[in-house]
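Chain by chain, the residues run as shown.
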Amino acid sequence: MGKTITLVGDAGAGQVAKAANQIMVAAQMVAMGELLVFSKKAGVDPRKVVDAIKAGAAQCWALDIKPPRLFDGNRNPGFKSYMQLKDMNIVLETAKEYDVPISGTVENTKLYQQMIDMGMGELDNSAIVGVIEKLAGVGILD
């Protein structure tokens, strides 16, 4: 349970805030996975890239917390990927209801669906890097 309570509006507003959070979480996990694989495939040490960029405009919780775990080969769940996909589907339904274009979220949801289809649903949501590794043909630990 969080330590801070923020009233965001009337009944139902909290669900919108939760969905908005999942848009950002998925985007950060996918972007992190992409930058790690991109760096590795381009022949640059992804650990050094993370160190270089996390002190600038790219700084975020995901870059502070997740890469060290991934570099240790730890893809055990903090937040399971199948739950991330469930929440992303709620986001898509809600966006459709309000006629909001969310093309990035649509693509991120497709990647999480691929992850589940690949049997990685019980892994951490940051393990989305595994889908990107497979598509790129390189692992961040290779």
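Owing to the predicted nature of the structure, the values given are computational and were not obtained by experimental measurement. (Residues numbered from 1 in each chain as written. Predicted model: local features only at pLDDT ≥ 70, side-chain atom pairs only at ≥ 80, totals over all residues. Heavy atoms only, no water.)

**Brief notes about the overall build of the chain**
- Regarding its fold elements, the chain presents six helices and zero strands.
- Starting at the N terminus, the α and β elements of the chain follow one another as α-α-α-α-α-α.
- Relative to its length of 142 residues, the chain is compact, with a C-alpha radius of gyration of 16 Å against a globular reference of 14 Å.
- If you line up the chain on its principal axes, its C-alpha atoms span 50 × 35 × 25 Å.
- Expressed as a percentage of the 142 residues in the chain, the buried residues total 37%.
- Long-range contacts, defined here as pairs at least 24 residues apart, represent 68% of the contacts in the chain between residues at least 6 apart.
- In the form shown here, the chain has an accessible surface area of approximately 8400 Å², with 58% of it arising from carbon and sulfur atoms.
- Both charge centroids of the chain, one from 15 positive and one from 16 negative side chains, sit 6 Å from each other. (Helix = DSSP H or I, 4+ residues; strand = E, 2+ residues; numbered from the N terminus. Rg over C-alpha atoms; globule rule 2.2 N^0.38 Å. Buried < 20%, exposed > 50% of the residue type's maximum accessible area, 1.4 Å probe, protein only. Contact = heavy atoms within 4.5 Å. Areas by Shrake-Rupley, 256 points an atom, 1.4 Å probe, with all protein chains shown as cover. Lys, Arg positive; Asp, Glu negative; His and termini not counted. Charge placed at Lys NZ, Arg CZ, Asp CG, Glu CD.)

**What about helix 4 (residues 81-97)?**
- Compared with the 24 Å implied by 1.5 Å per residue over 17 residues, the 24 Å span of helix 4 between its first and last C-alpha is a close match.
- Next to the buried residues of helix 4 lie helix 1 (13-41) and helix 5 (103-117). (Expected span 1.5 Å × (residues − 1).)

**A word on the pattern of salt bridges**
- Counted under the stated rule, the structure contains six salt bridges.
- Residue Lys18 pairs with Asp87 through a salt bridge whose shortest N-O separation is 3.1 Å. A residue pair is termed long-range when its members are at least 10 positions apart, and Lys18 in helix 1 and Asp87 in helix 4 qualify at 69 residues.
- The salt bridge partner of Lys86 is Asp87, with a shortest N-O separation of 2.7 Å.
- Relative accessible area serves as the criterion here: at 38%, Lys86 is assigned to the partly exposed category.
- The buried category is assigned to Asp87, whose relative accessible area is 5%.
- A single network of salt bridges, built from pairs that share partners, joins Lys18, Lys86 and Asp87. (Salt bridge = Lys/Arg side-chain N within 4 Å of Asp/Glu carboxyl O.)

**Some thoughts on unusual backbone geometry**
- Look at Asp99: it is not a glycine, yet its phi comes out positive at around 55 degrees.
- Among the structural elements, Asp99 can be located in the loop between helix 4 and helix 5.
- The exposure class of Asp99 is exposed, given its relative accessible area of 69%.

**What to know about the packing of helix 1 against helix 6 (residues 129-136)**
- Running from N to C, helix 1 and helix 6 cross one another at 35 degrees; their axes reach a closest spacing of 8 Å. Crossing geometry of helix 1 relative to helix 6 is assigned as right-handed. Across the interface between the two elements, Val30, Gly33, Glu34, Val37 and Lys41 from helix 1 touch Val129, Ile132, Glu133 and Ala136 from helix 6.
- Class assignment for the residues of the contact of helix 1 with helix 6 results in five nonpolar, one polar and three charged. (Axes fitted to C-alpha atoms, helices over the stretch in contact; angles between N-to-C directions. Left-handed = near helix turned anticlockwise from the far one by under 90°. Nonpolar A, V, L, I, M, F, W, Y, C, P; charged D, E, K, R; others polar.)

**A short note on the packing of aromatic side chains**
- This structure, assessed with the given rule, holds zero aromatic pairs.
- Between the NZ or CZ atom of Arg47 and the centre of the ring of Phe71, over which it lies, the distance is 4.5 Å. (Phe/Tyr/Trp six-rings, centres within 6.5 Å; stacked < 30°, edge-to-face > 60°. Lys NZ or Arg CZ within 6 Å of the ring centre and 35° of its normal.)

**Quick look at the nonpolar core**
- Core analysis: the largest hydrophobic core is formed by 28 residues, its most contacted members being Met29, Leu36, Tyr112, Met115, Ile128 and Ile140.
- Those elements that provide at least two residues to this core are helix 1, helix 2 (46-53), helix 3 (61-71), helix 4, helix 5 and helix 6.
- Among the elements that make up this core, the one with the highest residue count is helix 1 (eight residues).
- Residues contacting Tyr112, with those up to four places away along its chain left out, are Ala26, Met29, Val30, Ser81, Gln84, Leu85, Asn125 and Ile128. (Core = buried A, V, L, I, M, F, W, Y, C linked by side-chain atoms within 4.5 Å.)

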